[in-house]
Amino acid sequence: MSRVIVVTSGKGGVGKTTSSANLGMALAQLGKRLVLIDADFGLRNLDLLLGLENRIVYTAQDVLAGNCRLEQALVKDKRQPNLCLLPAANNRMKESVTPQQMEQLVTLLDGQFDVILIDSPAGIEAGFQNAIAAAREAVIVTTPEIAAVRDADRVIGLLEAHGITEIRLILNRLRPAMVKANDMMSVEDVQEILAIPLVGIIPDDEQVIISTNRGEPLVLAEAPSLAAKAFINVARRLSGESIDFLNLEEPQSGVLSKIRRILNKKIL
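Residues numbered from 1 in each chain as written. Predicted model: local features only at pLDDT ≥ 70, side-chain atom pairs only at ≥ 80, totals over all residues. Heavy atoms only, no water.

Draft legend 1. Just the pattern of salt bridges, in detail. By the definition in use, this model includes 11 salt bridges. Notably, a salt bridge pairs Arg-33 with Asp-114, separated by 3.1 Å at the nearest N-O pair. On the criterion of sequence distance, the pair formed by Arg-33 in the loop between α1 (16–29) and β2 (34–38) and Asp-114 in the loop between α5 (99–109) and β5 (115–119) is long-range, its members being 81 residues apart. Here Asp-204 and Arg-175 are joined by a salt bridge, their closest N and O atoms 2.7 Å apart. Note that Asp-204 is positioned in the loop between β8 (198–203) and α10 (207–214) and Arg-175 in the loop between β7 (167–174) and α8 (176–180), a separation of 29 residues in sequence. Taking the relative accessible area as the measure of exposure, Asp-204 reaches 35% and is therefore partly exposed. Ionic contacts of the salt-bridge type, sharing partners, join the residues Arg-3, Glu-137, Glu-166 and Arg-168 into one network. (Salt bridge = Lys/Arg side-chain N within 4 Å of Asp/Glu carboxyl O. Helix = DSSP H or I, 4+ residues; strand = E, 2+ residues; numbered from the N terminus. Buried < 20%, exposed > 50% of the residue type's maximum accessible area, 1.4 Å probe, protein only.)

Rendered as structure tokens:
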């Protein structure tokens, strides 16, 4: 039986699809046979972040309509043979797929892959209900902003009502300097409100924008950024490893450190 994990958030724009793409690729790099399902029917983006948009012939809706076999709709990633994408059509309404049909898709995939990762659309309407229909676990992505955290809290309640109790948290776009200045919620603040296990802290990183525009997940970089390392560690934790969280504080250069030490001595 495959692990079926939905990646969701409630609020849009918190980096949920970026998280799905990088977690999927990182888990595949760890040797997991994985399929990513884009559940944002009518407004797909996951294929762009993976750089697979030009290889799509059939979609999940085509499978459900009997227009093709499941194998024909699966897009294999040439860079990582363990990863496949089941894309959504971008020319239909979200309501074109029902929760029962999502369960049907997952049933077809179940057992063929180690992990089935479902990228949920924003909001808590029909698209969200589709995405969670067959999920057995959930990863909540939020940013340290009160609106995003409030929406995440609402989603946690809906997931638990649906019977999904294995829920983990990714805190995205954290800026340690702003937390120190009390201009941003801290990790502890968010954890206190949401009260679910923390599986990853991703720092704010301009490389995310660059990788998205290139269709190259962060975790594929030869010299991974701090955010890429954080995503890799999330994948390892989801695989059962026990890993310390990265130190996200910016290291001071040698010269600056010496100057600060000298000034501190003079003050003392």
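Draft legend 2. Representation of unusual backbone geometry. The phi dihedral of Arg-173 is positive, around 60°, even though this residue is not glycine. Relative to the assigned elements, Arg-173 resides in strand β7. Classification of Arg-173 by relative accessible area gives partly exposed; the value is 33%. In the Ramachandran plot, Asn-182 falls in the positive-phi region, its phi being about 60° despite a non-glycine side chain. Tracing the chain through its elements places Asn-182 in the loop between α8 and α9 (187–194).

Draft legend 3. Inspection of the sheet that holds strand β1 (residues 3–8) at higher detail. Spatial strand order, β3-β4-β2-β5-β1-β6-β7-β8: eight strands in an open sheet with mixed pairing. Sheet topology places β3 (75–76) and β8 at the edges, where each strand pairs with a single neighbour. With five bridges connecting them, strand β6 (residues 137–142) and β7 associate as parallel partners. Within β7, the residue paired with Ala-138 across the bridge is Ile-167. Those strands touched by α5 are β1, β2, β4 (83–86) and β5, and its axis lies near 165° from that of β2. (Pairing = 2+ DSSP bridges. Contact = heavy atoms within 4.5 Å. Axes fitted to C-alpha atoms, helices over the stretch in contact; angles between N-to-C directions.)

Draft legend 4. Spotlight on the packing of helix α7 (residues 146–161) against α9. Between α7 and α9, whose axes approach to 10 Å, the crossing angle comes to 35°. Our pair here, α7 against α9, has a crossing hand that is right-handed. Residues Val-149, Ala-152, Asp-153 and Ile-156 of α7 form the contact with α9, whose own contacting residues are Val-190, Ile-193 and Leu-194. The residue makeup of the contact of α7 with α9, split by class, is six nonpolar, no polar and one charged. (Left-handed = near helix turned anticlockwise from the far one by under 90°. Nonpolar A, V, L, I, M, F, W, Y, C, P; charged D, E, K, R; others polar.)

Draft legend 5. A look at the packing of α1 against helix α11 (residues 226–238). Where α1 contacts α11, the two axes come as close as 9 Å, and the packing angle between them is 65°. For the pair α1 and α11, the crossing hand works out as right-handed. Contact with α1, carried on its side by Ser-19, Asn-22, Leu-23, Ala-26 and Leu-27, involves Phe-231, Ile-232, Val-234, Ala-235 and Leu-238 of α11 and no other residues of that element. The class makeup of the residues in the contact of α1 with α11 is eight nonpolar, two polar and no charged.

Take it as geometry only, folks, not as evidence of what the structure does.
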